[in-house]
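Given next are the chains, with one letter for each unit.
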Amino acid sequence: MWSGLGKAILKYRLLLIIITLVLTAFMGYEASKVQMSYDFSRAIPTDHPKYQAYLDFKKTFGEDGNLMTIGFVTDSFFTVEKFNRLSVFLKDLKKVQGVEDLLSINGAVSLVKNDSTQKLDAKKIFPETIASQPELDSLENIFRSLPFYKGLLYNPETKAFLVGVRINREILGNKSREKTIGEIEKIAAAFEKDAGYELHLSGLPLIRTNVAIKIAKEMQWFLLGSILLSALILYVFFRSLSTTFLSLGVVIIGVLYSLATIVMMGYRITLLTALIPPLVVVIGIPNCIYFLNKYHTAFLKTGDKKTAIIEMVSKMGVVTLFCNISAALGFAVFALTKSVILKEFGVVAGINIMALFFISLIMIPIALYYMDTPKRKHTQYLENRWLVKLLTNIEAWVFSHKKTIYGVTALALVLSILGILKMKTQAFIVDDLPKKDKIYTDLKFFETHFKGIMPLEILVDTKKKNGIAGSRALSVYEKVAAYSEYINGFPEMARPLSLAEGLKFARQGFYDGDSNNYSMPNAFDGAFLADYMKPSKGGNAEQGSLQKLMSSFIDSNKQVTRISVNMADVGSMRMPELIDSLQNHAGDYFDTSKVSVTLTGSSITFLEGSRFIIKGLKESILWAFLFISICMLYLFRSFRILVCSLIPNLIPLVMTAGLMGWMGIAIKPSTVLVFSVALGIAIDITIRFLVNFKQELPSSKGDVHQTVLQTIRETGISIVYTSLVLIAGFVIFVFSGFGSTQALGWLTSFTLLVATLTNLVLLPVLLLLMAGHRNVK
């Protein structure tokens, strides 16, 4: 069959070239449309209750992750020169397209009782420009008498100050967010230089935007790096520019197809799908090496180019097919998870790894047909001295040191299992960024001075329309205030913001700004205060802004009110404990038979997303083993061969897990990903070894010892070369700015290194062991 296919490819080569060129041109056009994704909440299944609750929250109250924060520490904030400079800075920020509102001390208002209108008027404390220091000192005293702003806009203990920049959520949903965030950063940098402050910028809009930009840049650099590195290795191996360019042409076409697939499937570039183009290069090059290696070997035997090409397809076609199937399965199993981003990664990677097989099968034979016959220097790598010596040593170990191999393997497994017992599961929102990255350090600034900026939303639902209206409202907000005090007791959480705080603020204003009256209204003054808090007609801008702010904490039916909390990035171990405490103690403050308390927000979606990704990746490893086992069983039709094939690939995974435990590397989305990826790629080595073993067994008249020896010599060269390419290709990811990509790089490289050793040393020993009990067929 495969020999006939090889002849057909050469016979219809012109038609196949035209089809490939047309399809590649179309795919290239589609690939040009690829876009970045700015949605970081899609790790959770769309039908999950927590995700649905988050969508309901956004529908009612809007985006929770649209506040960017700017902070700094200074003891000269309330000096005329610095204060006026800050006012100019805020004006410049307000002009940026997409900036909806600013939260700052300069824009702070106080509530003043107006007896003539019987309303509380919102009056701006500070004018646009301060004329003198005494004027500013007087206004500062007024501001500091308002507890509402303490911990929200400033920290008096650390002398830290905060400016909040609220960005339009429509802007945050497309590429224009990069321009908006970039302009804000540019204005902030100019102000930092002018005022002499060290500014810290953070918030989900900034984090998500800059992470997306980093992803796009890294994808380009790693794609270029993987191509250049592969080109260098290929040229060193084959000493031929034409062979090198042929291999690069195959993987570049594969890259275009992968990007086009992302577009055609309606996906966008995420942290995971950004890895696919470099992975296509890394996985595609071994296809080329195996084909070319067999071509050169066949040419040396036959001396005829056409015959060598047909034999290459005949011998390597089925091997490469099943190798690509196993690799594709290692990725495609992610599509079986419930995580959207994992599904996308699995679908795109699986499809394009199989596409690589067909590209290689068509392009390589046709290109070799038109290329000159190989010269002596092009096949010298088959007689490489150090490689021949390495394989000779492997042969000696396999036939003469079986007990030592078993002993070393057993010791490695024991140490690995002990390491696995030390493993823990832990993930953070900015886990993938280096500790010295400005995004990370700025986030820690806000955690130090303002207890964090990660949004947590708590919805209090009275389950009936107007449940927070009239006389019933005060009792509800008294409970909200008490619950907020409980929340404030956690060191990882900032003071909650709710309408209860607004009522305290209003009561202080009702009693002429006396800070001693910053507390919840009682039944007596609550009746008077209710009239004063009703919106007045034709109010000023400050009045309108205040009403708008207050209305954002209650739904239009006056049934649901929200408690907004900023918290630290505490990680996936501490987060469930906090959430459980808040949820379980809600019953201490609310009658849960009449009122429901729901915790949601970006912090919750991150936690659930991490859980689902880790769970999905663990399941994907099992699915990968199952599907790959079925393929191996179909290919070799022997249960004993199946066992022999799985053991050398299971051991590297166990050793990698043990290494993670000993090194204190936590189980998180980025590290669990390694196992399925490495399994899908490492099994290629096993397939190539066992297929060659099966093909050579009849010619050796069933002599397993002779067949094992011959297989090591024939496949060992290509296995070592392709392993070097794979390891080098993944090592390049170590230079990433993301912890997840770094982990994928060095952990996968380690796994592949161990897999190469187990397949070249342990696999032959297992075959000999089984041959000692029964003939291997």
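Basis of the calculations
- Residues numbered from 1 in each chain as written.
- Predicted model: local features only at pLDDT ≥ 70, side-chain atom pairs only at ≥ 80, totals over all residues.
- Heavy atoms only, no water.
- Helix = DSSP H or I, 4+ residues; strand = E, 2+ residues; numbered from the N terminus.
- Expected span 1.5 Å × (residues − 1).
- Buried < 20%, exposed > 50% of the residue type's maximum accessible area, 1.4 Å probe, protein only.
- Polar contact = N/O pair within 3.5 Å; in protein donor to acceptor, adjacent residues only side chain to side chain.
- Contact = heavy atoms within 4.5 Å.
- Salt bridge = Lys/Arg side-chain N within 4 Å of Asp/Glu carboxyl O.
- Pairing = 2+ DSSP bridges.
- Axes fitted to C-alpha atoms, helices over the stretch in contact; angles between N-to-C directions.
- Parallel < 35°, antiparallel > 145°, perpendicular 65-115°, else oblique.
- Left-handed = near helix turned anticlockwise from the far one by under 90°.
- Nonpolar A, V, L, I, M, F, W, Y, C, P; charged D, E, K, R; others polar.
- Disulfide = S-S within 2.5 Å.

Caption draft 1: Structural detail: helix H9 (residues 241–264). An ideal rise of 1.5 Å per residue puts 34 Å on 24 residues; H9 measures up with 34 Å between its terminal C-alpha atoms. Taken across its 24 residues, H9 has 17 buried, putting it largely inside the fold. Once H9 finishes, Gly 266 follows within two positions and takes phi at roughly 80 degrees, a positive value.

Caption draft 2: Broad picture of the side chain of His 200. Within the secondary structure layout, His 200 lies in strand E7 (residues 200–202). In this structure His 200 comes out as buried when scored by relative accessible area, which is 11%. Only 2.9 Å separates the side chain of His 200 from the side chain of Asp 442, close enough to count as a polar contact.

Caption draft 3: Looking closely at helix H4 (residues 80–94). Given a rise of 1.5 Å per residue, 15 residues ought to cover 21 Å, and the 21 Å separating the end C-alpha atoms of H4 matches this to within 8%. Residues Val 80, Lys 82, Phe 83, Asn 84, Leu 86, Ser 87, Phe 89, Leu 90 and Leu 93 constitute the buried set of H4. At its buried positions, H4 is contacted by strand E1 (67–73), strand E2 (99–103), helix H5 (133–144), strand E6 (160–167) and helix H7 (176–195).

Caption draft 4: Spotlight on the environment of Gly 284. Here Gly 284 shows up in helix H10 (residues 276–302). Exposure remark for Gly 284: the relative accessible area of 0% places this residue in the buried category. Between the C-alpha atoms of Gly 284 and Leu 248, which are 36 residues apart in sequence, the distance is 9.0 Å. Filtering out sequence-adjacent residues up to four positions away, Gly 284 remains in contact with Val 251 and Leu 356.

Caption draft 5: Local environment of the pattern of salt bridges. Scanning the entire structure with this criterion turns up 16 salt bridges. A salt bridge links Glu 395 to Arg 713; the nearest nitrogen and oxygen atoms lie 3.0 Å apart. Here Glu 395 is found in helix H13 (residues 385–400), whereas its partner Arg 713 is found in helix H24 (residues 704–731), with 318 residues between them in sequence. For Glu 395, a relative accessible area of 10% gives the class buried. Residues Lys 438 and Asp 442 are paired through a salt bridge, measuring 3.1 Å at the closest nitrogen-oxygen approach. Taken together, the residues Lys 438 and Asp 442, both in helix H15 (residues 438–450) and 4 residues apart, mark about one turn of the helix. Lys 438 gets classed as partly exposed once you look at its relative accessible area, which sits at 47%. In this structure Asp 442 comes out as buried when scored by relative accessible area, which is 3%. What emerges from the salt-bridge pattern is a single network uniting Glu 485, Arg 495, Glu 501 and Lys 504.

Caption draft 6: Up close: the sheet that holds strand E8 (residues 454–461). Pairing is antiparallel in the open sheet, where 3 strands are placed in the order E9-E8-E10. What marks the edges here is a single partner per strand, and that holds for strand E9 (560–567) and strand E10 (596–600). Averaged over all neighbouring strand pairs, the angle between strand axes comes to 20 degrees, with direction disregarded. Bridging between E8 and E9 involves 8 bridges; their strand directions are antiparallel. Bridge assignment links Glu 457 to a residue of E9, and that residue is Ser 564. Along the sheet, helix H3 (residues 49–61) contacts E8, E9 and E10; its crossing angle with E10, the most-contacted strand, is approximately 95 degrees.

Caption draft 7: The arrangement of the packing of helix H8 (residues 204–238) against H10 in detail. Relative orientation of the contacting elements H8 and H10 amounts to 15 degrees, with a least axis distance of 9 Å. Relative to H10, the element H8 is oriented roughly parallel. Where H8 crosses over H10, the handedness of that crossing is right-handed. Along the contact surface, H8 presents Met 219, Phe 222, Leu 223, Ser 226, Ile 227, Ser 230, Leu 234, Phe 237 and Phe 238, while H10 presents Pro 277, Pro 278, Val 281, Ile 285, Ile 289, Leu 292 and His 296. Of the residues belonging to the contact of H8 with H10, the class tally is 13 nonpolar, 3 polar and no charged.

Caption draft 8: The arrangement of the state of the cysteines in detail. Within this structure, the stated rule accounts for 0 disulfides. With no disulfide of its own, Cys 323 lies closest to Cys 631 among cysteine sulfurs, the gap being 11 Å. By relative accessible area, Cys 323 is classed as buried at 0%.

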